[in-house]
Amino acid sequence: EPEVTQTPSHQVTQMGQEVILRCVPISNHLYFYWYRQILGQKVEFLVSFYNNEISEKSEIFDDQFSVERPDGSNFTLKIRSTKLEDSAMYFCASSGDPYGREQFFGPGTRLTVL
Amino acid sequence: QQQVKQSPQSLIVQKGGISIINCAYENTAFDYFPWYQQFPGKGPALLIAIRPDVSEKKEGRFTISFNKSAKQFSLHIMDSQPGDSATYFCAALGNQFYFGTGTSLTVIP
């Protein structure tokens, strides 16, 4: 069964450093998403991406965040200058549905900012 | 403003019992209501979903009941099993997914 994969599973970084979280969506999906889940809290939408453009973004997705599809398979989330409050699980999701239904989530990357 | 409110926060059910988790939403423009199941250390997995033109959807032991006028929907897990122990999130889709705060379900053998 096709699945979304994410690397690394755990990233530890110092405050102020840049991190890049990587995702490989399901191969025939065209709609991609990043979500954040602070420990013990709800999943929060960050950004949606289609056709090499951001479709929607939340107020969380400020100028320190960026997304990119650098090649035909990877989808990345970059945090330019990490803050302590960026510590969370980051989930990538993909969908074949233009309306964003049936999103399939990856296993997540746990980001720890020290 | 919390777009989707979920209750209870935690739930303990005996094996074989019925687990019921409730959600309420604000925005009548939402048009897709999924439930996700999440095990520790894993990503959310789509369990079952409903559109607002349907009042109930059943898949195996899982049923969504949807009340459009009350802007509420609920997940019923029949014959709950220890393997169902997980966190369940409801969500609503507008221009983005809005998730509820999650319910930690524990099914006791």
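This report concerns the structure included in the present document. The structure displayed is predicted, hence computed values, not measured ones. (Residues numbered from 1 in each chain as written. Chains lettered and ligands numbered in written order. Predicted model: local features only at pLDDT ≥ 70, side-chain atom pairs only at ≥ 80, totals over all residues. Heavy atoms only, no water.)

## A look at the overall build of chain A
In step 1: For chain A, the count of helices and strands is zero helices and 11 strands.
In step 2: Computed over its C-alpha atoms, the radius of gyration of chain A comes to 13 Å, within 12% of the 13 Å expected for a compact globule of 114 residues.
In step 3: Referenced to the eigenvectors of the C-alpha coordinate spread, the extents of chain A come out at roughly 35 × 30 × 30 Å.
In step 4: Counting all 114 residues of chain A, 47% fall into the buried class.
In step 5: Intrachain contacts of chain A at a sequence separation of at least 6 include 54% that bridge at least 24 residues.
In step 6: Split by element, the accessible area of chain A, about 5,900 Å² in all, is 47% carbon and sulfur.
In step 7: Of the side chains in chain A, 10 bear a positive and 15 a negative charge, and the two mean positions are spaced by 3 Å. (Helix = DSSP H or I, 4+ residues; strand = E, 2+ residues; numbered from the N terminus. Rg over C-alpha atoms; globule rule 2.2 N^0.38 Å. Buried < 20%, exposed > 50% of the residue type's maximum accessible area, 1.4 Å probe, protein only. Contact = heavy atoms within 4.5 Å. Areas by Shrake-Rupley, 256 points an atom, 1.4 Å probe, with all protein chains shown as cover. Lys, Arg positive; Asp, Glu negative; His and termini not counted. Charge placed at Lys NZ, Arg CZ, Asp CG, Glu CD.)

## Details of the interface of chain A and chain B
In step 1: At the interface, 16 residues of chain A touch 18 residues of chain B.
In step 2: A buried area of about 1,500 Å², summed over both sides, lies between chain A and chain B, and 60% of it is on carbon and sulfur atoms.
In step 3: Looking at the side of chain A facing chain B, the largest losses of area belong to Lys42, Arg101 and Phe105 of chain A, adding up to 34% of the total buried there.
In step 4: At the junction of chain A and chain B, the tally comes to zero salt bridges.
In step 5: Linking chain A with chain B are four residue pairs in polar contact (both at pLDDT 80 or more).
In step 6: Listed by contribution, the elements that provide at least two residues to the side of chain A that touches chain B are strand E4 (31–37) and strand E5 (43–50) of chain A.
In step 7: Partitioning the side of chain A that touches chain B into residue classes produces seven nonpolar, five polar and four charged. (Buried area = accessible area lost by both parts, 1.4 Å probe. Salt bridge = Lys/Arg side-chain N within 4 Å of Asp/Glu carboxyl O. Polar contact = N/O pair within 3.5 Å; in protein donor to acceptor, adjacent residues only side chain to side chain. Nonpolar A, V, L, I, M, F, W, Y, C, P; charged D, E, K, R; others polar.)

## Regarding the state of the cysteines
In a disulfide, the sulfur atoms of two cysteines are held together by a covalent bond.
In step 1: In total, this model carries two disulfides over all chains according to the counting rule given.
In step 2: Across a sulfur-sulfur distance of 1.9 Å, Cys23 of chain A and Cys92 of chain A are joined as a disulfide pair. Taking the sign of the S-S torsion, -60° for the link of Cys23 of chain A and Cys92 of chain A, the bridge is left-handed. Taken together, the positions of Cys23 of chain A in strand E3 (residues 19–24) and Cys92 of chain A in strand E9 (residues 88–95) put the pair 69 residues apart, joining distant regions of the chain.
In step 3: Classification of Cys92 of chain A as buried rests on a relative accessible area of 0%.
In step 4: One disulfide in the model links Cys23 of chain B with Cys90 of chain B; its S-S distance is 1.8 Å. Taking the sign of the S-S torsion, about -90° here, the bridge from Cys23 of chain B to Cys90 of chain B comes out left-handed. Remark: Cys90 of chain B occurs in strand E9 (residues 86–93) and Cys23 of chain B occurs in strand E3 (residues 19–25); sequence separation between them is 67 residues. As far as the burial class goes, Cys23 of chain B and Cys90 of chain B line up, both buried. (Disulfide = S-S within 2.5 Å.)

## Here we look at the nonpolar core
The nonpolar side chains of a soluble globular protein tend to be buried, and buried together.
In step 1: Phe33, Trp35, Phe73, Leu75 and Tyr88 of chain B are the most contacted members of the largest nonpolar core, which totals 24 residues.
In step 2: When residues of this core are traced back to their parent elements, those giving at least two are strand E2 (10–14), E3, strand E4 (33–38), strand E5 (45–50), strand E7 (62–67), strand E8 (72–77), E9 and strand E11 (103–108) of chain B.
In step 3: In terms of residue count, the dominant contributor to this core is E9 of chain B (four residues).
In step 4: One finds Val19, Leu46, Val67 and Leu111 of chain A within the second-largest nonpolar core, a separate group that totals 22 residues. (Core = buried A, V, L, I, M, F, W, Y, C linked by side-chain atoms within 4.5 Å.)

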